[in-house]
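# Summary of the model geometry
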Amino acid sequence: MQKFKNYINGQWVDAKSGKTFFNINPANTDDIIGEFALSDKDDVDIAVASAKEAFRSWRLVPAPKRGDMMRKVGDIFTRRKKEIARIMTREMGKPVFETEGDVQEAIDTAYYAASETRRLFGKTAPSEMLNKANISFRVPVGVCGVITAFNFPIAVPSWKILPAIAAGNTVVFKPSKDTPYCGVIFAEIFEEAGFPAGVFNLLTGKGSMGNHLVEHSDVRLIGFTGSTEIGCKIGETCGRLNKICSLEMGGKNAQVVMPSANLELAIDGVLWGAFGTTGQRCTATSRLILHKDIYENFLELLKERVQKLKLGDGLVEGTDVGPLIHENALNNVERYVKIALEEGGRLICGGQRAIEGNLAKGFFYYPTIIADVTHEMTIFKEEIFGPVLAVTKAESFEHAIELHNNCQYGLSSSIYTNDITESFMFIRDSEAGITYINAPTIGAEAHMPFGGVKGTGNGHREGGWTVFDIFTEWKTVYIDYSNKLQRAQIDNY
Ligand code: UN1
């Protein structure tokens, strides 16, 4: 079995304590992926010190030169795409066609971040006074702590790490405890691309180690993707310690289908949105809001298609849906389905663990549809992070919008309609950071802003040009060439 180390200051090192943990394949618990460093506070101290030291010189490397190096990161991800995808599938379960897409997102992000290093535009404005110039430009913030989830273990960290480093910051990365191997891949790639020691540091381990990273006084910024519960705790700590913090948290995204929609298209959309990544996405479709005129017919057609989805090991060709990430996730799904049925939901399909043959070795649950869900029910409100779709009937378009917005989260929204008025009203009125028209709730592209409103985030947007608003601060410069004291607001009025 392979043994993996942390990557600190350009060196591969064990945890100071020598402690390790094992990671298993969620599709087959007999398959142990490897033994990883179980880092704690001492390792955080060393990694942050290394990132702090590296920042002194990395911030001075001209941004386009940093961009040249980031292009190499893109090249290496491209060369290793298929191999990394297979590692990811083995480590977290989603099928290979999905994990290849996950790696592609990092490739896109690397090239986009590289190109942005020639476009980190500042602004100039006229001064109030004669013989004085006002300019402003972006500067890196310093040491950034990056903490992410298991579900997009290359794509989502890349959204933070690559722009952060391109902008001149240094990074200490704590991947999910369920995907440490994908974390190791980042370190391998930064090493091969020739980045200076300490610019990128990897610490594998559990949540408690992440807390030390958040608390460390030399970490200026935390970029987090994960549950709302943990994100809000991180936000509290960052508030207390006055750190910059960007939070990407939960979702309870809905797809609305109106009578004018192309129903086949809407079914393709909900299948991909609800059951892709086994529903373990912050952008998963976990609510389906159907107009009353198509309600029963749509359910019928959908059931037929869901029952054809092939559950299994994502490494096997033809698998549509992989396992859940671990036993706890499986128990959680089971618990929510039980509550939904107790509260009056109608089971359309699924509703149980899959234990036939080899499926018994993994954390498999049948794709599940529960109909007649009302806005009072628990599965209408709470994020499940599993292959469970709650279906609700809308009496009208206005009712559909009201149901859509009756939600603590606001990441992505979707409507299927061929009515232009409904489309534009939905764009205007659905409370979400991302809205899709005639497309599912998933489908973000690396060069566009990504993030949500309400309980999903704290106002930041990753992806696109907006990610640089997180990972840079503004420096404003006044250059007075009048050779006299000019007092702003006083001498000119
Ligand atoms: C997430 O669920 O954490 O388009 C990210 C999308 C995906 C990214 C999802 N590419 O929704």
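Now for a quick tour of the structure.

Criteria and thresholds
- Residues numbered from 1 in each chain as written.
- Predicted model: local features only at pLDDT ≥ 70, side-chain atom pairs only at ≥ 80, totals over all residues.
- Heavy atoms only, no water.
- Helix = DSSP H or I, 4+ residues; strand = E, 2+ residues; numbered from the N terminus.
- Buried < 20%, exposed > 50% of the residue type's maximum accessible area, 1.4 Å probe, protein only.
- Contact = heavy atoms within 4.5 Å.
- Near = heavy atom within 4 Å.
- Polar contact = N/O pair within 3.5 Å; in protein donor to acceptor, adjacent residues only side chain to side chain.
- Areas by Shrake-Rupley, 256 points an atom, 1.4 Å probe, with all protein chains shown as cover.
- Nonpolar A, V, L, I, M, F, W, Y, C, P; charged D, E, K, R; others polar.
- Domains from an automatic or database assignment.

### Side note on the side chain of T179
Structurally, T179 can be placed in the loop between β8 (170-174) and α5 (180-193). The class for T179 is buried, based on a relative accessible area of 1%. Once residues lying within four places of it in the same chain are set aside, the contact partners of T179 are N23, E91, M92, A149, F150 and P153.

### A look at unusual backbone geometry
Non-glycine residue T277 carries a positive phi angle of around 55 degrees. For T277, the location among the structural elements is in the loop between α8 (263-275) and β13 (285-291). Look at T277 and you get buried, because its relative accessible area is 1%. Even without being a glycine, Q489 presents a positive backbone phi close to 65 degrees. Within the secondary structure, Q489 is located in the segment after β21 (472-480). We classify Q489 as exposed; its relative accessible area is 56%.

### A short note on the site of the ligand
Near the ligand, the surroundings consist of E105, N151, F152, V156, W159, R281, C282, T283, I442, G443 and A444. In this structure, T283 approaches the ligand through a side-chain N or O atom, which is 2.7 Å from an oxygen atom. The backbone of A444 places a nitrogen or oxygen atom 2.5 Å from an oxygen atom of the ligand. In isolation the ligand exposes 320 Å². Once the protein is present, 97% of that is buried. Grouping the constituent residues of the shell around the ligand by class yields 6 nonpolar, 3 polar and 2 charged. Viewed by domain, the shell around the ligand spans two of them, domain 1 (2-249 + 457-476) and domain 2 (253-437), each represented by three or more residues.

Interpretation note: all reported values are geometric properties and have no functional meaning in isolation.
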